[in-house]
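Analysis of the macromolecular model
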Amino acid sequence: MDRRSFTVIIAAVVLRLVMFTAFPSLPDLLTNRVELSTPVTSFKRLQEGLFLYTHGLSPYDGGVFHQAPLLLAFFTTLPSNPIVVYLVYILSDVLSAYSLIQIATSGVSVSTPYHTSSRKSSAWPPWAVAAAFLFNPFSIATCIARPTIVFTNTAILTAVAKGVQGQGIAAVLALAMASYLSLYPVLLLPPMILLAYDNLPAVKKKKGRSLGSFAAVLASVFTVAAVGLGTLSWGITGGSWEFLASTYGVHLLLPDLTPNVGLWWYFFIEMFDSFREFFLCVFQLHLAIYLAGLCLRLRKQPLFVITTLLGISSIFKSYPSIGDTALYLSLLSLYRHIFPLMRYTFFVTSTLLYATLLGPAFYHLWIYAGSGNANFFYAITLVWSLAVTVLVSDAIFAVLRDEWETERPEMKGKEIVQI
Amino acid sequence: MSILTSLRSTRILKLLPLVSALCILVGVAWLLLLPLDDYSRRTYISENALLPGQVHTYFGGSEQDVFRSYRHEVTALGKNASADGSGVMAEKIGGIFDAFGLKVGKQKFEYTAAGGVYAGENVYAVLQAPRGDATEALVLCAAWVNTEGELNESGVALVLALARYLKRWSLWSKDIIFLITSDSRAGPQAWVDAYHDLHAPPAVASLPLKSGAIQGVVVVDYPTSRGFESLHIVYDGINGQLPNLDLINTAVRIASGQMAIRTTLQEMWNHDNQYKDRLRTMLRGMVNQGLGHASGPHSSFIPYHIDAITLQAYGDGWHDEVTLGRTVESLFRSLNNLLEHFHQSFFFYLLMAERRFVSIGTYLPSAMLIAVNFTIAAIALWLKSGRQNTGEEEKSGDGRVSEEKRRLIESAGEAPSAAGQPVVVSEERLLLLSMAFVVAIHFLGFIPLYLFNNLDEKNFNSAFNIFTLLNIVLPSALCAIFTKSFAPTPLHFALIKCFSLLLLGMFLSALATLNFSLSFLIGVFSSPITFINPTPKRKWTVGTAWMILLQGLTPTTALVGVALYWGEPLSEILKEAAFGWRVWGMWTQVVVWCVWWPAWIIAGVQVAGSWAVEA
């Protein structure tokens, strides 16, 4: 890590500490924002679960707490001083930034064994990528609001950092942790295996390990790790499997319809009960459907497959929050070299900003002023999702175009039409 | 890329400033059209349960004698100089309520704002509904002293007489709370905060007695002992929030239909229901809404999603307290009918006569168009800056129109990649510096915000004068510092303006959904900003002319304008603003200092750039 990265991290830590301490009401204010805290990540609900847990009751009684049992075990070992909690979250962000620095240093975003971008030189240096994550207002707000998505993001970024270094087992273990915390990262397993395989040290590759056997090993490691974590949780919650239904069941079946930035809550409020199961299946399958196509089409750049899948799940998963989008944006900053090929950057930026302002305004009109209704807020979440969708598809376009121009340098700067 | 290049190559780019201007013109013209019959609508009762004026009212007869005796007591209590601290008032009024057999509560409060102390004691009584379960309540309120500082003698006496009278009816399905606040500004706020447990306990006491969710509030303001001529309905809430239109309609219908009292709005005492008067009523309403201050004791209730109005007796006429009492009685009978919280009718409207209004769908486009004009200008600048970038390079080759130019424009989207590393870095620096400048100026707005909310009232005049003087030279000074330390190019200035306009457009369109009038007024005041550009090639006169125009449109000028409009000294306005910030939670200042003022400063920097930047 060079000096600039170090400076960036120090500055970010100081900024977060100042935000936590200089504005004492800010953390609680942000914790109550539905855009930042969802039923499956909220810090307030975590406290509720902790209270029940430390008083010898099942934390999943009452249907408020939907987070992984290991978080309970972790937070009960912490001293109850709020400063310690702040520091844990700041440390988590620092680890994420450190992983991003590792990823950027490896240069996997610009050059893989199968593809080297012709725009390689314009990628951002590692410190800039770290800064893009640490000083992103969405990341800062997420850190201050203390949802547990912060830990998931750290686990995902650690997995990717291990993946680009070719440490398949470590990557898959970190990914198992992320999936354990919030289920949907399990979708990243195939591209993660590809990423780790592509970046295996040359010595190991010479031994003639095929992708098939490598994938089989990693997949079984992942399964063992997931089962291990599950068993550990079983032990923590006093030998009950209740937590499965209350955590992953909630992700899958959407019993809590608290509004969030996603598209599910309103849809399932309006839904007649007889169609609910059908559309739950459709919505869940929809998330998984991109996996195979992206892995095949973007086989040359598995890191970009991971980035795109994170972007897609930040729109379409059951309880998305701003923290998911912040993770996508920070990974996207690794792809600075393709920004000039993107067509709608100004549109996306201004739409995201508009939605950021109008979202709280409409939520206020709906919940506090009582002069608006749920449609107001839902309309803005649609706009938000539209902006992220355009960004994701525009980034895919730019990456494909970049690949194409590398294959055919003579087509640079020419207009292309998709038929 | 294809869209951008096609936009750049067509003439749309040149038309965009024209579109901006058109947006402003249409936005303003739209507003001016609203009072016409074709664009506004007659009001109507939307909630059928209200049934306004369908009941016979019985207040009168011997109740009038009761009222008069209470008025004597109130007048006597008001004359007693020691009673103005309201401790005696609360004691005495509480005793009267107690004599009716009502449960009585008292609440002390004390606020400090701008060095002044606002203290008093509220007293209230709860009439428990014979047919209800204490889950819902209505409030009948009178302030001991009204907004003008007069003793509200008949108003308070009427509440007392009505408390005695309404208690005899067995038909109430909602609790009725009779509330006498010791003043019109801080008292109601302290009471409603404490009712919802959102008060700051040491300064504002908790309520000893509570009832259910408040469904409606009627405030009576009748400061004389003479007859009155018309009923003035005040409805603006804090931060421009409004009560449900059904409540106003019900009051208007009962007063004018059932009781034959003329009703007026927005201090338009003579309203001929023609275009001019309608427009004036609407604009007065918009100014009140835009300033976001409390226009009466009812205003404090509205942020809690409680619909509230003040009924003010105005003028000398032949209506007496019995008519007003029967109006209130009928109004409460209607409110008593409510099956659920007011929700049927409009929450966003502009009233232009007591029976004519426009709803949000009709008027919102005017503010949105003005906000959109800034966004369009920002997009135009963004597209143009991409073009200028390539234009710069071309100019170095003596600006010859050649194939080279076409090539450059074609590759405009990929200029960085084609030209390699150096251009990328400079482009990022360009964006970063401009963005940092805009953000820094916006944070600068917190300084006046903090200053004017925390200074002592004695220093307001001098502080304001110093600030106004500083404000005049600030843009030029900032521009000088900026050019000295960063050597910005015209492109920097264009991008700074682009980001500033983008932010302004965004803030104003978000604001238009919360407080239409404030957004519209600030939009109109800052509309010249769209057309300000650094004019390096032209003479300094153009810059000076712009600067003079800008100086006429600063937030400080607007403050002076508000002071003139109200006919009060400037320090009073600033005191009111600081009081509003502390007590009412009014955020008009935040919008002025953190949205409007930064945009103005950046426009000033643009103009000052005319002198600083070499062509």
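Not measured: the values here are computed from a predicted model.

Re the overall build of chain A
The secondary structure content of chain A amounts to 19 helices and 2 strands. Computed over the C-alpha atoms, the radius of gyration of chain A is 21 Å, within 12% of the 22 Å expected from 2.2 N^0.38 for a compact globule of 419 residues. Looking at chain A residue by residue over its 419 residues, the buried ones come to 47%. Pairs at least 24 residues apart make up 74% of the contacts formed inside chain A by residues separated by at least 6 positions.

A few points about the sheet that holds strand β4 (residues 136-143) of chain B
Residue and element names in this part refer to chain B. In space, the 8 strands of this open sheet follow the order β2-β3-β5-β4-β6-β9-β7-β8, with mixed pairing throughout. Strands with a single pairing partner mark the edges of an open sheet, and in this sheet they are β2 (103-113) and β8 (262-265). Shown here is a sheet whose adjacent strand axes are inclined to one another by a mean of 25°, direction ignored. Here 11 bridges tie β2 to strand β3 (residues 116-127), and the two strands are oriented antiparallel to one another. Within β3, the residue paired with F109 across the bridge is G120. Across the sheet, helix α6 (residues 187-195) lies against β2, β3, β4 and β5 (175-181), angled at about 115° from β2, the strand it touches most. Where helix α9 (residues 321-336) meets the sheet, it contacts β4, β6 (213-221) and β9 (307-319), and its direction lies at approximately 170° from that of β6.

Re the UniProt feature "transmembrane region" (unreviewed entry) in chain B
All names here are of chain B. According to UniProt, the "transmembrane region" (unreviewed entry) feature falls on residues 12-33, 363-383, 430-451, 463-483, 544-566 and 586-613. Regarding residues 430-451, the helix share stands at 95% and the strand share at 0%, and the terminal C-alpha atoms are separated by 33 Å. Secondary structure within residues 463-483 divides into 100% helix and 0% strand; the distance between the first and last C-alpha atoms comes to 29 Å.

A few points about the nonpolar core
Core analysis: the biggest nonpolar cluster contains 294 residues, and A:A130, A:L175, A:M192 and B:V159 have the highest contact counts within it. With 17 residues, helix α16 (residues 490-514) of chain B is the largest single contributor of residues to this core. If we skip the residues at most four places from it in the chain, B:V159 touches B:L140, B:A142, B:F178, B:I180 and B:V220.

Considering the sheet that holds strand β1 (residues 41-42) of chain B
All names here are of chain B. In spatial order, the strands read β1-β11-β10; together these 3 strands make up an open sheet with antiparallel pairing. Of all strands in the sheet, those bounded by a partner on one side alone are β1 and β10 (349-353). The sheet contact formed by β10 and strand β11 (residues 356-359) spans 4 bridges and is antiparallel. Bridging from a neighbouring strand, L351 pairs with F357 of β11.

Quick word on the domain arrangement of chain B
Residues and elements named next belong to chain B. Here chain B is partitioned into domain 1 (2-36 + 363-612) and domain 2 (48-354). At the junction of the two partners, domain 1 supplies 27 residues and domain 2 supplies 26 residues. For the side of domain 1 that touches domain 2, the per-class residue count stands at 16 nonpolar, 5 polar and 6 charged.

Here we look at the environment of A:R3
Within the secondary structure, A:R3 sits in helix α1 (residues 3-22). Distance in space between the C-alpha atoms of A:R3 and A:W127 is 8.8 Å, their sequence separation being 124 residues.

Examining the pairing of strand β7 (residues 228-234) of chain B
Along any regular strand the residues' side chains alternate between the sheet's two faces. Residues and elements named next belong to chain B. The element β7 is largely enclosed, with a buried count of 6 among its 7 residues. Two strands pair when backbone bridges link them, and β7 and β8 are joined in this way by 4 bridges, in the parallel orientation. Considered in β8, the bridge of H232 is made with T264.

Some details on the UniProt feature "transmembrane region" (unreviewed entry) in chain A
All names here are of chain A. Taken from the UniProt record, the annotation "transmembrane region" (unreviewed entry) applies to residues 7-26, 126-149, 169-190, 211-236, 248-266, 341-363 and 375-400. For residues 341-363, helix accounts for 83% and strand for 0%, while the C-alpha atoms at its two ends are 36 Å apart. Structurally, residues 375-400 is divided into 100% helix and 0% strand, and its ends, taken at the C-alpha atoms, are 37 Å apart.

Brief notes about unusual backbone geometry
Unusually for a residue other than glycine, A:R146 sits at a positive phi of about 55°. If you trace the backbone, A:R146 turns up in the loop between α7 (137-145) and α8 (149-164).

Quick notes on the pairing of β4(B)
Residue and element names in this part refer to chain B. The buried fraction of β4 amounts to 8 of the 8 residues, a majority that puts the element mostly inside the structure. Side chains of β4 alternate between two faces, with E136, L138, L140 and A142 and A137, V139, C141 and A143 buried alike. As defined by bridge partners, β4 adjoins β6 across 6 bridges and the pair is classed as parallel. Pairing of L140 across the sheet is with V218, part of β6. Note that β4 and β5 share 7 bridges and pair parallel. Looking at β5, one finds that A137 is bridged to D175.

Definitions and cut-offs
Residues numbered from 1 in each chain as written. Chains lettered and ligands numbered in written order. Predicted model: local features only at pLDDT ≥ 70, side-chain atom pairs only at ≥ 80, totals over all residues. Helix = DSSP H or I, 4+ residues; strand = E, 2+ residues; numbered from the N terminus. Rg over C-alpha atoms; globule rule 2.2 N^0.38 Å. Buried ≥ 20, exposed ≤ 12 C-beta atoms within 10 Å, placed from the backbone. Contact = placed C-beta atoms within 7 Å. Pairing = 2+ DSSP bridges. Axes fitted to C-alpha atoms, helices over the stretch in contact; angles between N-to-C directions. UniProt positions renumbered as here; feature names shortened; annotations may be inferred. Core = buried A, V, L, I, M, F, W, Y, C linked by C-beta atoms within 7 Å. Domains from an automatic or database assignment. Nonpolar A, V, L, I, M, F, W, Y, C, P; charged D, E, K, R; others polar.

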